[in-house]
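# Working through the structure, step by step
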Amino acid sequence: MEYKTPLVEIKNLYKSYRRGSQIIPVLENITFDIEDGEFLALMGPSGSGKSTLLNLIAGIDTFDSGTIKVGGVDIAALFETELARWRSTNVGFIFQFYNLIPVLTAFGNVELPLLLTRLSRKERREHVETALRIVKLADRMSHYPGQLSGGQQQRVAIARAVVADPTIIVADEPTGDLDRISAKEVLELMGRLNVEFGKTIIMVTHDPHAAEKARTIKHLEKGILNAHNQTRL
Amino acid sequence: MHIIKLVFKNTFRHKLRTSLTILGVVIVILAFGLLRTVVSAWYAGVESSSASRLVTRNSISLVFPLPISYKNKIRQIHGVKFVSYGNWFGGNYIDEKNFFANFAVEPASYLELYPEYILPSNQKDAFLRDRKAAIAGQKLATKYGWRIGDAITLKGTIFPGNWEFVLRGIYRGKDKGTDETQFFFHWNYLNETLKKTMPLRADQPGFYLVGVSNTNLAEEVAVALDKTFKNSLAETLTETEKAFQLSFVSMSEAIVVAIQLVSFVVIIVIMAVLANTMAMTARERIGEYAVLKTLGFGGWYIAALIFGESLFIAMIGCIIGIAFTFPIAKVFGDTMGTYFPVFNVTMKTIYLDAGVSLFVGAVAAVIPTWRAIKIRIADGLRRIG
Ligand SMILES: Nc1ncnc2c1ncn2[C@@H]1O[C@H](COP(=O)(O)OP(=O)(O)OP(=O)(O)O)[C@@H](O)[C@H]1O
Ligand SMILES: [Mg+2]
């Protein structure tokens, strides 16, 4: 390949919400690329549209106009079921409140994305164990979310996000609900995923310490990307 | 399979709520099963009636008798195979509380007409031989602890006096639908006593029972029979046994309709209860459904979770309900024994129980499922935290 295309290409993206007859613009004319292997932090005040933008990139919400291409795929062109398939193989999700299924063990939660693959039971078990080993929770496999600390739950969620080996990991305030020490562990883990495993990570955060882990920081202000991006090495 | 495990675990997340809902289903299944059994007990006489038997009575009313002389005339009608006759005796055993059906019948022909009353041949012989002999159904004999050879006294209401019998046989029903709570004795015993005490009432059976040689002839024989006694002192009304039994039941048809209406209402109520439980459940788990959808699970998976849980709750309730229906119906049947001679929970009722439960479970899941599937993922995720 002579020319390396970016992993995510966003062009002239508009998104608004409708509240009754009122139309509330949230994202206005957003254009930017995300390179393969990037660790991007999206920052900005509350209500600026960070979560909305993240959801659009991850293919769980729809937008008004513009295009989002991920790995060359125009995700707006996919039907709902195709999009669901695409998400299951391409995107790993980490949420602020972990969002684990309380009636499933750590193992069961991490296994979830694999149920949509053709892997055998044995292969699934191997993958889950590997993922839990990466987040250092192999010994908590049979624990239920209620039996784990917030930090441990978030690490289970990270294992769930990586178990199907997606190209992109999106994280919406992954440390927002954690104490400083747990937050540090989670961020270190995400750094490892980026460096060791080459995952592209897009992370929304309020926390400047968290943002420091990223290679690039973009600021969103009232739905508009701040012109000067802080880029670090 | 994974989804079954998840449905199972989800069902017992709110143990109290699930238990109360299951209890509701259990009560409904019990009520439904018992009410249906009452209705079918009501129609038991109709169900067990034979198409080859006719009942002839006085056309004015059942309380008016017919002359004994009709016996030979009926016998001569084409298509008639058996003729028997008898009277509703209406006697009380010890006191009025002890109600059961008792008839004076011409014994030999009666037993021929009713092969469903099964009597050992030695008991049958003993019954036919002795003028004061009587037979009783197994259930009736059990209820009063009667044994063969016991002397039984009935106090006549229609035919005053104390009437003494000796129990010579205990019959069993051919199947569960046969009435085992009746008491029969010799019509001649009644008639001969009447000749001495009330000669005006002698020689007058209350009804004739006619067996036809071929069920196809039943209608024809009935018409011919009534025609024979047209313009005589006692005109007759002949109908099939089924029609005769139905005329009793239809008097109380309004009650049956009311019972069925209650069954129906009870089902609607439990549907609302279960739908409410499922709506609460699904609302609480909107965030989880959104997570599953985010991970790539389709709407069918969410639907399977909600439908699965709803059907599971309904079926647990159904099974427990059915399990309780049998003993409760038995207790009910034993206490009401002689009013509802045949009180059996039928297989059809069980199938209907299952059908109703499946239907209720499915209907209750529709709206919660529709809501859970319709909500956008981003909105579902926003509900968490
Ligand atoms: N479903 C919705 N309907 C209407 N308005 C919405 C909806 N979702 C989000 N909004 C609005 O869109 C704007 C952007 O929301 P978004 O959640 O993307 O902000 P955010 O930058 O993630 O904020 P925070 O830092 O508080 O998480 C907000 O003004 C919000 O009120
Ligand atoms: Mg947000």
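Please read all numbers here as calculations on a predicted model, not as lab measurements.

The rules we used
- Residues numbered from 1 in each chain as written.
- Chains lettered and ligands numbered in written order.
- Predicted model: local features only at pLDDT ≥ 70, side-chain atom pairs only at ≥ 80, totals over all residues.
- Heavy atoms only, no water.
- Patch = residues over 30% accessible without salt bridge, like charges linked within 9 Å, V, L, I, M, F, W, Y side chains within 5 Å.
- Areas by Shrake-Rupley, 256 points an atom, 1.4 Å probe, with all protein chains shown as cover.
- Salt bridge = Lys/Arg side-chain N within 4 Å of Asp/Glu carboxyl O.
- Lys, Arg positive; Asp, Glu negative; His and termini not counted.
- Charge placed at Lys NZ, Arg CZ, Asp CG, Glu CD.
- Helix = DSSP H or I, 4+ residues; strand = E, 2+ residues; numbered from the N terminus.
- Buried < 20%, exposed > 50% of the residue type's maximum accessible area, 1.4 Å probe, protein only.
- Domains from an automatic or database assignment.
- Contact = heavy atoms within 4.5 Å.
- Buried area = accessible area lost by both parts, 1.4 Å probe.
- Polar contact = N/O pair within 3.5 Å; in protein donor to acceptor, adjacent residues only side chain to side chain.
- Pairing = 2+ DSSP bridges.
- Near = heavy atom within 4 Å.
- Nonpolar A, V, L, I, M, F, W, Y, C, P; charged D, E, K, R; others polar.
- Arc of directions from axis to C-beta.
- pLDDT = per-residue confidence, 0-100.
- Phe/Tyr/Trp six-rings, centres within 6.5 Å; stacked < 30°, edge-to-face > 60°.
- Lys NZ or Arg CZ within 6 Å of the ring centre and 35° of its normal.

### Concerning a positive patch on the surface
Residues and elements named next belong to chain B. A contiguous patch of positive charge on the surface is contributed by R283, R371, K374 and R383. With respect to the element layout, R383 can be found in the segment after helix 15 (377-382). Its relative accessible area of 53% is what places R383 among the exposed residues.

### Some details on the domain arrangement of chain B
Residue and element names in this part refer to chain B. For chain B, the domain assignment lists domain 1 (2-44 + 253-382) and domain 2 (60-234). Taken together, the contact between domain 1 and domain 2 spans seven residues of the former and eleven residues of the latter. Between domain 1 and domain 2, the buried area comes to about 730 Å², and carbon and sulfur atoms account for 50% of it. Between the two partners, domain 1 and domain 2, sit zero salt bridges. Our count for the domain 1 to domain 2 interface comes out at one residue pair in polar contact (both at pLDDT 80 or more).

### What to know about the pairing of strand 2 (residues 80-88) of chain B
On any regular strand, side chains alternate: one points to one face of the sheet, the next to the other face. All names here are of chain B. The pairing of strand 2 with strand 10 (residues 207-212) spans six bridges and is classified as antiparallel. Bridge pairing links V83 to V210 in strand 10. Pairing geometry for strand 2 and strand 4 (residues 102-105), over three bridges, is antiparallel. Each bridged residue has a counterpart across the sheet, and for W88 the counterpart in strand 4 is F103.

### Structural notes on the site of ligand 1
Inspection of the region around ligand 1 gives 15 residues, with S46, G47, K50, S51 and T52 of chain A positioned closest. Residues within reach of ligand 1 are spread across chains A and B. Within the complex, 75% of the 640 Å² of free accessible area of ligand 1 lies under protein. Sorting the residues of the shell around ligand 1 by element identifies strand 1 (8-19) and helix 1 (50-58) of chain A together with helix 15 of chain B as the ones contributing at least two each. A total of three residues in the shell around ligand 1 trace back to one element, the largest contributor, which is helix 1 of chain A. Among the residues forming the shell around ligand 1, the class breakdown is three nonpolar, seven polar and five charged.

### Some words on helix 6 (residues 121-129) of chain B
All names here are of chain B. If you check which residues of helix 6 are buried, you get Q123, A126 and F127. For helix 6, the angular spread of buried residues about the axis comes to 100°, placing them on one side. Those residues of helix 6 that are exposed and aimed more than 90 degrees away from the buried face are S121, N122 and R129. Packed against the buried residues of helix 6 are helix 5 (107-113), strand 6 (133-137), strand 8 (161-173) and strand 9 (183-186).

### A word on the confidence of the model for chain A
Put simply, chain A has an average pLDDT of 91, and 95% of its residues get 70 or more. When the elements of chain A are averaged for pLDDT, strand 11 (residues 230-231) of chain A gives the smallest value, 55, and helix 3 (residues 106-111) of chain A the largest, 97.

### Some points on the interface of chain A and chain B
With 24 residues of chain A at the interface, the matching set in chain B holds 20 residues. Across the interface of chain A and chain B, roughly 2000 Å² is buried in total on both sides, 69% from carbon and sulfur atoms. Considering only the side of chain A, the residues that lose the most area to chain B are I60, V103 and L116 of chain A, jointly responsible for 24% of the buried surface there. The interface formed by chain A and chain B includes one salt bridge. Close ionic contact of R376 of chain B with D61 of chain A constitutes a salt bridge, the shortest N to O distance being 2.3 Å. Where chain A packs against chain B, one counts five residue pairs in polar contact (both at pLDDT 80 or more). Elements that contribute at least two residues to the side of chain A that touches chain B include exactly strand 1, helix 1 and helix 2 (80-90) of chain A. Here the side of chain A that touches chain B is built from residues that sort into 15 nonpolar, four polar and five charged.

### Observations regarding the packing of aromatic side chains
Residue and element names in this part refer to chain B. Overall, the coordinates contain 36 aromatic pairs over all chains when judged by the stated rule. Judged by centre distance (6.4 Å) and plane angle (55°), the ring pair of Y93 and F100 falls under tilted. Judged on exposure class, the residue Y93 and its partner F100 are both buried. Ring geometry for F100 and F183: centres 5.9 Å apart, planes at 55°, overall tilted. Taken together, the residues span a long stretch of sequence, with F100 in the loop between strand 3 (92-93) and strand 4 and F183 in strand 9 at a distance of 83 residues. Accessibility classification places F100 together with F183 in one group, the buried group. In textbook terms, an aromatic cluster arises when at least three aromatic residues are bridged by ring pairs, as seen for F89, Y93, F100, Y144, W146, F159, W163, F165, F183, F185 and Y189. R53 extends its terminal NZ or CZ atom over the ring of Y114, reaching a point 3.8 Å from the ring centre.

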